[in-house]
Amino acid sequence: MKRVMVVVNKWWECDPALLAMLSDNARPAASPWPDPLQPPRPRPDPTHLPPANPDPIPRAVFSYKNFKAEVWCISDLLEHLDSSLQSSTEQKAKYLPRMFSYGPPPDMVIAVGTAEYPDAAVSENGNVVIGTKVFMVDGHPDGSNPLSKWTDGPFEKLIDSTLPRSVFSKLVGFDIPTASNRFLAVPFAPASAPWVVADYINVALGAVNVTDYSEYGLIDPLTAKIFWSKPREGKAASIETTHCIIRVQCESPFLFVSGIVDRFGYFDQDVNPRSHGQNTAAAHNAGVAVSWLLGRLDQLG
């Protein structure tokens with residue numbers, strides 16, 4: 001049985017994404033029920049952190065006809081760490097291999113999380129971006145962030161996916177109008193209409209080694225500026241911190257699914273006033289898109 005890994009960044013992204021993947025009001029008809037299915041996890045007591053989990057397991061495993069899709073949450077592997085390290089690229093990269101070694105090398109990897117859309121003139125808030133390429137920039141070069149000193153890279157280089165363009169085109173050929181009609185609306189600056197923005201050349205820009213959300217306003221534009229300054233074959237379509245770290249774990253066919261929460265340069269205006277509502281809706285919508293992608297993948301065999 002083929003192995004598909006769906007890797008979600010934060011617990012507050014995984015919970016609503018998985019909710020959508022379990023809801024018959026959101027996912028395609030005849031989608032399988034997962035077995036096993038782990039209950040939502042309580043956040044650890046910061047004064048009594050648990051020991052590191054040497055043998056993590058996925059949140060859920062969906063058995064389709066042609067593959068098994070494992071849903072993982074990076075936060076689950078970091079529960080033993082202080083809150084200051086929950087966004088550390090260094091720590092994520094340290095523990096991510098435990099997911100990948102859970103089974104044989106995956107046949108496909110899907111990175112999932114919330115993100116900024118790199119265009120100030122257009123709001124895609126609440127919509128979902130799907131693409132295949134990543135480009136990462138070290139937000140704190142020379143180890144200037146003591147909480148995250150990841151240096152493996154490769155930095156400032158477009159990283160392609162081994163997923164063929166022809167297969168991607170078939171994968172995103174699911175019923176996008178029906179799927180996006182099941183999206184939740186975000187509270188701030190919602191897109192003019194719900195939609196899935198899917199393109200093989202879409203690039204997830206990764207600002208790594210950034211652990212302080214207040215730095216997004218400075219480092220995200222810098223990340224985009226560096227990308228735009230390079231010769232490239234791709235379109236910047238998402239900015240966040242973790243799709244790229246998931247991508248470099250292996251050379252399996254890769255794509256990313258970003259639930260958009262803010263316009264370019266508008267994190268403080270679009271997310272901060274009601275972060276729970278903005279993030280939950282966008283993460284839910286990413287989960288909707290993942291369910292429809294998996295259903296389409298199963299149809300393709």
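Our subject is the structure listed above.
Residues numbered from 1 in each chain as written. Predicted model: local features only at pLDDT ≥ 70, side-chain atom pairs only at ≥ 80, totals over all residues. Heavy atoms only, no water.

Caption draft 1: The arrangement of the pattern of salt bridges in detail. All chains considered together, the criterion is met by eleven salt bridges. A salt bridge links Glu 79 to Arg 41; its shortest N-O distance comes to 2.8 Å. With a gap of 38 residues between them, Glu 79 in the loop between strand E3 (67-73) and helix H2 (89-100) and Arg 41 in the loop between helix H1 (11-22) and strand E2 (60-63) connect regions that are remote in the sequence. Glu 79 sits in the buried class, given a relative accessible area of 11%. In this structure, the salt-bridge partner of Arg 43 is Glu 79, at a minimum N-O distance of 3.8 Å. Placement of Arg 43 in the loop between H1 and E2 and of Glu 79 in the loop between E3 and H2 is noted, with a sequence separation of 36 residues between them. Connected via shared salt-bridge partners are Asp 15, Arg 41, Arg 43, Arg 59, Asp 76 and Glu 79. (Salt bridge = Lys/Arg side-chain N within 4 Å of Asp/Glu carboxyl O. Helix = DSSP H or I, 4+ residues; strand = E, 2+ residues; numbered from the N terminus. Buried < 20%, exposed > 50% of the residue type's maximum accessible area, 1.4 Å probe, protein only.)

Caption draft 2: Region of the structure containing the environment of Ser 229. Mapped onto the fold, Ser 229 is located in the loop between helix H5 (216-228) and strand E9 (235-240). In this structure Ser 229 comes out as exposed when scored by relative accessible area, which is 54%. Taking C-alpha positions, Ser 229 is 23 Å from Ser 258, a pair spaced 29 residues apart along the chain. Among the polar contacts listed, one links the side chain of Ser 229 to the backbone oxygen of Ile 226, at a separation of 2.7 Å. (Polar contact = N/O pair within 3.5 Å; in protein donor to acceptor, adjacent residues only side chain to side chain.)

Caption draft 3: Layout of the pairing of strand E8 (residues 202-208). Buried residues dominate E8, accounting for seven of its seven residues. The side-chain alternation of E8 yields two buried faces, one formed by Asn 202, Ala 204, Gly 206 and Val 208 and the other by Val 203, Leu 205 and Ala 207. In terms of strand pairing, strand E6 (residues 133-138) meets E8 through six bridges, oriented parallel. Paired with Met 136 across the two strands is Gly 206, which belongs to E8. Of the pairings in the sheet, the one linking E8 to E9 comprises five bridges and is parallel in character. Its bridge partner lying in E9, Asn 202 is registered against Lys 235. Tracing the backbone out of E8, into H5 and back to the parallel element E9 gives a crossover that is right-handed. (Pairing = 2+ DSSP bridges. Right-handed = clockwise from strand over helix to strand, strands pointing away.)

Caption draft 4: Main features of the nonpolar core. Core analysis: the biggest nonpolar cluster contains 40 residues, and Val 71, Ile 110, Ile 130, Val 257 and Leu 294 have the highest contact counts within it. Among the elements that make up this core, the one with the highest residue count is helix H8 (residues 275-300) (eight residues). Ignoring any residue separated from it by four or fewer positions in sequence, one finds Ile 110 in contact with Val 4, Met 5, Val 6, Val 7, Leu 255, Val 257 and Leu 294. Judged by nonpolar contacts, the second largest core, of 32 residues, contains Trp 72, Ile 245, Phe 256 and Ile 260. (Core = buried A, V, L, I, M, F, W, Y, C linked by side-chain atoms within 4.5 Å. Contact = heavy atoms within 4.5 Å.)

Caption draft 5: Quick peek at the pairing of strand E4 (residues 108-117). A large share of E4 lies buried, amounting to ten of its ten residues. Relative to E4, strand E1 (residues 2-8) runs parallel, the two sharing five bridges. Following the sheet pairing, Val 6 is matched in E4 by Ile 110. Note: E4 against strand E10 (residues 254-263), nine bridges, orientation parallel. When the sheet's bridge partners are listed, Glu 116 is paired in E10 with Asp 262.

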